[in-house]
Amino acid sequence: LMQVDMTSADNYRSKANMASMNIPAFWAMVDKGMHYQYMYNSLQINQGVKSDGMPFYSNQAKLHGIDMTDWSWSCLFADFDNDAWQDLYVTNGSRKDINNKDYFKWLKQTDTKLKVKYKELSFADLTDKMSSVKTDNPIYKNHKGQFKPANQLWGLSYEGYSNGCAYADLDNDGDLELLVNNIDSTAALFNNTLSKEANFLRIKFNGSQANPLGLGAKIYLYHKGLYQYKEQTLVRGYQSSIDPVMHFGLGSSDVIDSLKVKWPAGTREV
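Conventions and cut-offs
- Residues numbered from 1 in each chain as written.
- Predicted model: local features only at pLDDT ≥ 70, side-chain atom pairs only at ≥ 80, totals over all residues.
- Heavy atoms only, no water.
- Phe/Tyr/Trp six-rings, centres within 6.5 Å; stacked < 30°, edge-to-face > 60°.
- Buried < 20%, exposed > 50% of the residue type's maximum accessible area, 1.4 Å probe, protein only.
- Lys NZ or Arg CZ within 6 Å of the ring centre and 35° of its normal.
- Salt bridge = Lys/Arg side-chain N within 4 Å of Asp/Glu carboxyl O.
- Helix = DSSP H or I, 4+ residues; strand = E, 2+ residues; numbered from the N terminus.
- Core = buried A, V, L, I, M, F, W, Y, C linked by side-chain atoms within 4.5 Å.
- Contact = heavy atoms within 4.5 Å.
- Pairing = 2+ DSSP bridges.
- Axes fitted to C-alpha atoms, helices over the stretch in contact; angles between N-to-C directions.
- Patch = residues over 30% accessible without salt bridge, like charges linked within 9 Å, V, L, I, M, F, W, Y side chains within 5 Å.
- Areas by Shrake-Rupley, 256 points an atom, 1.4 Å probe, with all protein chains shown as cover.
- Disulfide = S-S within 2.5 Å.

Chemist: Can you explain the packing of aromatic side chains? Please cite residues and give values.
Modeler: As enumerated under the stated definition, the model contains 12 aromatic pairs in all. With 5.2 Å between their ring centres and 45° between their planes, Tyr220 and Tyr229 make a pair best called tilted. On the basis of relative accessible area, Tyr220 is assigned to the buried category, the value being 19%. For Tyr229, a relative accessible area of 37% corresponds to the partly exposed category. Chaining the aromatic ring pairs together yields one cluster made of Phe26, Trp27, Tyr36 and Tyr38. Between the NZ or CZ atom of Lys62 and the centre of the ring of Tyr40, over which it lies, the distance is 4.7 Å. The ring of Phe248 has Lys230 sitting right over it, with the charged end atom 4.9 Å from the ring centre.

Chemist: So, the pattern of salt bridges: which residues are in play, and what are the values?
Modeler: Enumeration according to the criterion identifies 7 salt bridges in this entry. In this structure, the salt-bridge partner of Asp81 is Lys141, at a minimum N-O distance of 2.4 Å. With a gap of 60 residues between them, Asp81 in the loop between strand S4 (72–78) and strand S5 (87–92) and Lys141 in strand S7 (residues 139–142) connect regions that are remote in the sequence. The buried category is assigned to Asp81, whose relative accessible area is 12%. Shared partners join several salt bridges into a network, and the residues in it are Arg13, Asp70 and Asp97.

Chemist: Give me the nonpolar core: which residues, what numbers.
Modeler: The biggest cluster of nonpolar side chains holds 17 residues, and the ones touching the most others in it are Phe80, Tyr89, Ile139, Tyr167, Leu178 and Phe190. Those residues in contact with Ile139, other than ones at most four positions away along the chain, are Phe80, Leu88, Tyr89, Lys148, Pro149, Ala150, Asn151, Trp154, Leu156 and Leu178. Core analysis: the second largest hydrophobic core is formed by 11 residues, Ile203, Ala217, Ile219 and Phe248 among them.

Chemist: So, the pairing of strand S17 (residues 258–262): which residues are in play, and what are the values?
Modeler: Residues of S17 alternate between two faces, with Leu259 and Val261 buried on one and Ser258, Lys260 and Lys262 left unburied on the opposite face. Pairing geometry for strand S14 (residues 218–223) and S17, over 5 bridges, is antiparallel. Within S17, the residue paired with Lys218 across the bridge is Lys262.

Chemist: Pulling in residues and values, what's your account of the sheet that holds strand S15 (residues 226–231)?
Modeler: Neighbouring strands of a sheet are bound in pairs by backbone hydrogen bonds; such pairs are parallel or else antiparallel. Taken in spatial order, the 4 strands make up an open sheet running S15-S14-S17-S18, and their pairing is antiparallel. The two strands at the open ends of the sheet, each matched to only one other strand, are S15 and strand S18 (268–269). With 6 bridges connecting them, S14 and S15 associate as antiparallel partners. Bridge pairing in S15 links Leu221 to Gln228.

Chemist: Please set out the sheet that holds S5 residue by residue, giving values where relevant.
Modeler: Strand order in the open sheet made by the 4 strands is S4-S5-S7-S8, with antiparallel pairing throughout. Because the sheet does not close on itself, it has two edges, and the strands there are S4 and strand S8 (147–149). Between one strand axis and the next, the sheet turns through 20° on average, direction left out of account. Of the pairings in the sheet, the one linking S7 to S8 comprises 3 bridges and is antiparallel in character.

Chemist: Could you give me a rundown of a nonpolar patch on the surface, with the residues and numbers involved?
Modeler: A cluster of nonpolar side chains, contributed by Met21, Ile23, Trp27, Tyr36, Tyr38 and Tyr40, occupies part of the molecular surface with about 660 Å² of accessible area. By secondary structure assignment, the location of Met21 is in the loop between helix H1 (11–16) and helix H2 (23–31).

Chemist: Can you explain the state of the cysteines? Please cite residues and give values.
Modeler: Here a disulfide denotes a covalent bond joining the sulfur atom of one cysteine to the sulfur atom of another. Under the criterion given, the structure shown has 0 disulfides. No disulfide involves Cys75; its sulfur sits 10 Å from that of Cys165, the nearest cysteine.

Structure representation (structure tokens):
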């Protein structure tokens, strides 16, 4: 499980846009049994099931270096290089730095209410005073369980104010393209040229009349000692929907050992 927040990896942006912390409220939540609340991304790795039958997770975002991705929106796991390991792409950006400390310092030094009242300042002037910084959307390659930055490696870079994002094999060549929505700019389409030698498997569901896309279907894929699991859910990213054709990267495997489908109604196919 991946949850994104809005802390920047850039030291200046982190300090300039740092939100104030309510210390009493922080400890009040902890005292009531809730977890410590920090503004960092969380990557919750499933560690199995405890003796009482409850699943156990550990937050490893900082260990993988993916805990700070700025003001983040979409968070997509997909195998972009078809090596059978799920990579990670995050869109980020805020049109205005609404938490900027310098901006609020300026507001205090300027009698903005009177200036607006007497039309010395307009609301547009107030918003224009806020800083705007275009940021890149990070992508991370999954090195057999360890995420590493891959923007330069894969030639994937775009500085803007991005939010919505979806992936699909738009040119039917067996790898996933990225389509990114950007505020005050055109959408960005990234053509994938990474995995021409790696193998892949794509599954198009033929569900019931009430559920033709097979939403909720679960796929269990086995090949060369590797196991992949996916569930058919299309609503991913921020206000976005992905391709209904499910995609698996297979690496060097040209055949699979088995594939199991568990339909929402409980029926199974092998």
